[in-house]
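# A structural walkthrough
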Amino acid sequence: NKIKRAGSMVVLTMKALQTIATLPLLPSLWIVCRLISKDLERIQDSISYDEDTATASTVGTQLLLFIALGTLGHVGTNKLIPRIKYYMLKRGITGKDLGKKGTSKENNDIPEALGIVPGAIFLICLMFCLVGFATNHPSKLLDLNSALLSICFMLFLGFTDDVLEWPWRYKLFLPSVASLPLLCCYEGSRSVVVPIPLRFLLMIDGELTTFGKLLCYFVVVDTNADGSIINLGVFYLVYMGLLAVFCTNAINIYAGINGLEVGQSYIIGCAVLFHNLVEIQCDSLSRENHVFSAMIMFSFLGVTLALLRHNWFPASVFVGDTYCYFSGMTFAVVGILGHFSKTLLLFFIPQLLNFLYSIPQLFKLVPCPKHRLPKYNATTGRMEPSTTTTTTPEGTKERVNMTLINACLQIFGPLSEEVLCVVLLTFQIICCILGLYFRYNVAQLIFD
């Protein structure tokens, strides 16, 4: 009876998790419904006036097809993970859950690198999207092929890293190589708008300042726009290459507890999709680029939501570097080819804070252990900040590892692993909401 009761509690928890996980998608689905209703009105009007109904069908119908593919990707991922994890166990591609030390689950082998399943199914979904999307948007065919190539390369790199454990110098270099197809086919603007409060540094009364003249040796300051626009040229391509490196590694270093890697990626994906749909609904000049991004995001969110079900506490599979690199490159792809790379960074605020806070350890300014995840206290059943030993002239002392996860535990005190993950994901949601607010409200006060 106790076993049955425990089993029913797990089922209940998973159902509650699935219900809660769909909440970030509701605003996007509401916009999709509005776009579809507009399509139906156009088709109805075209029938009334004996016009061609094919010309009346627009973006809402395409989005409905993308949702269908994302749903199929979700179902396929959910069905395939239990089968593939058996082969991972058989081949010894497993890991230990370091957050369960001192418990009966300490020595359990958990299948590793299961990010390969959603990654592979995502690529299959994109191939089907390629057929339909390229028919309506032939100019974006090159973008879609470069996206497939870059994501496929990072998926391969992530899986080999889980198996071979590449050194960090390769992890920093190879994402730059993977972003080359994106940069080669990039045809957008290489200019940035200078914030209004900073324009006096470049031009005053129609004349370039000393700093503005110095800057012209490296970039182009648009004097016709009174210094409000700077053409970065090749430096903008360098920035986008660094963006790909940041996205792939930022998710990878902000990890270590069940559900965090997949959860943060899912929330960022929902924020990106909402931004895309708002721009589509407003008929922005870059509408086609946002349709392209939304197409990728629907499939990505479908497979990610399925993986979250298996990776949530207590995790039955580990996603490995495979998923972190795959998700990071997917965000870099939509940010670069969708031409909203600066907006994308607003959704990466927790990852950016974690990176800045981790710099002393990442660059070996202070000792950095191989694993910086919080430690589990078997007595209390809660996670506590992990520490590393440093040697000083005064002797040795314990220093808390510099990660946002440990900082959260220092602020709120010891927490269970599941509650800790919920707190961090809640912070991710708040940051994404603030990012959207800044993009559509505060930015209007800083930029023209």
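Just so it is clear, the model here is predicted, and its values are computed rather than measured.

### Points about the packing of aromatic side chains
- Tallied over the full model, the rule gives twelve aromatic pairs.
- Each ring, one from Phe-300 and one from Phe-326, has its centre 5.7 Å from the other, and the planes form 55°; the classification is tilted. In this pair, Phe-300 sits in helix H12 (residues 287-311) while Phe-326 sits in helix H13 (residues 320-337), placing the two residues 26 residues apart along the sequence. You'll find Phe-300 and Phe-326 in the same group, each marked buried.
- The residue whose ring lies beneath Lys-140 is Phe-292, and the NZ or CZ to ring-centre distance is 5.3 Å.
- Sitting over the face of the ring of Tyr-440, Arg-439 holds its NZ or CZ atom 4.8 Å from the ring centroid.

### Examining the confidence of the model for the protein
- Across the protein, the average pLDDT comes to 87, with 93% of residues at 70 or higher.
- Residue range residues 1-12 is modelled with pLDDT below 50. Its contacts to residues more than four positions away, or to other chains, number zero contacts.
- Here residues 52-57 scores under 50 on pLDDT; set against residues more than four positions off or in separate chains, the count is ten contacts.

### Considerations on the environment of Leu-157
- Within the secondary structure, Leu-157 sits in helix H6 (residues 141-164).
- For Leu-157, a relative accessible area of 6% corresponds to the buried category.
- Through-space distance from the C-alpha of Leu-157 to that of Asn-224 is 46 Å; in sequence the pair is 67 residues apart.

### Re the sheet that holds strand E3 (residues 191-193)
- Here we have three strands laid out as an open sheet, ordered E3-E7-E6, and antiparallel in their pairing. Only two strands of the sheet have a single neighbouring strand rather than two, namely E3 and strand E6 (220-221).
- As defined by bridge partners, E6 adjoins strand E7 (residues 229-231) across two bridges and the pair is classed as antiparallel. Of the residues in E7, the one forming a bridge with Val-221 is Ile-230.

### Description of the packing of helix H4 (residues 59-91) against helix H5 (residues 116-136)
- The contact between H4 and H5 brings their axes to 7 Å, and the two run at 155°. As judged from the angle between their axes, H4 and H5 are roughly antiparallel. Classified by chirality, the crossing of H5 by H4 is right-handed. On H5, the residues that touch Gln-62, Phe-66, Leu-69, Gly-73, Gly-76, Thr-77, Leu-80, Ile-81, Ile-84 and Met-88 of H4 are Ile-116, Val-117, Pro-118, Ile-121, Cys-125, Phe-128, Cys-129, Phe-133 and Asn-136.
- The residue inventory of the contact of H4 with H5, partitioned by class, reads 14 nonpolar, five polar and no charged.

What counts and how
- Going along each chain's sequence as written, the residues are numbered from 1 onward.
- The predicted origin of the model limits local features to residues at a pLDDT of at least 70 and limits the giving and counting of side-chain atom pairs to 80 or more, whereas totals for whole chains, interfaces and linings rest on all residues.
- Side-chain metrics in this entry use all non-hydrogen atoms of the structure; hydrogen atoms and water are not considered.
- When the centres of two rings from Phe, Tyr and Trp lie within 6.5 Å, Trp using its six-membered ring, the rings pair. Their planes under 30 degrees apart give stacked, over 60 give edge-to-face, and anything left gives tilted.
- Secondary structure is summarised from DSSP: a helix means a run of H or I of at least four residues, a strand means a run of E of at least two, and numbering begins at the N terminus for each.
- The rule is simple: take the accessible area with a 1.4 Å probe, protein chains only, and divide by the maximum for that residue type; under 20% is buried, over 50% is exposed, in between is partly exposed.
- For a lysine, the NZ atom is tested; for an arginine, the CZ atom; a charge sits over a ring if that atom is within 6 Å of the ring centre and within 35 degrees of the ring normal.
- The pLDDT value tells you how sure the predictor is about a given residue, anywhere from 0 up to 100.
- Between two residues, a contact is recorded if the distance between any of their heavy atoms is within 4.5 Å.
- Note on pairing: DSSP must find at least two bridges between two strands before they are called paired.
- The axes are straight lines fitted to the C-alpha atoms, using for helices just the contacting stretch, and the angles between their N-to-C directions are given from 0 to 180°.
- Geometric relationships in this document are graded by angle, where less than 35 degrees denotes roughly parallel, more than 145 denotes roughly antiparallel, 65 to 115 denotes roughly perpendicular, and other angles denote oblique.
- Rotating anticlockwise by less than a right angle from the far helix to the near helix defines a left-handed crossing, while the corresponding clockwise rotation defines a right-handed one.
- Amino acid classes used here: Ala, Val, Leu, Ile, Met, Phe, Trp, Tyr, Cys and Pro are nonpolar; Asp, Glu, Lys and Arg are charged; the rest, including Gly, are polar.

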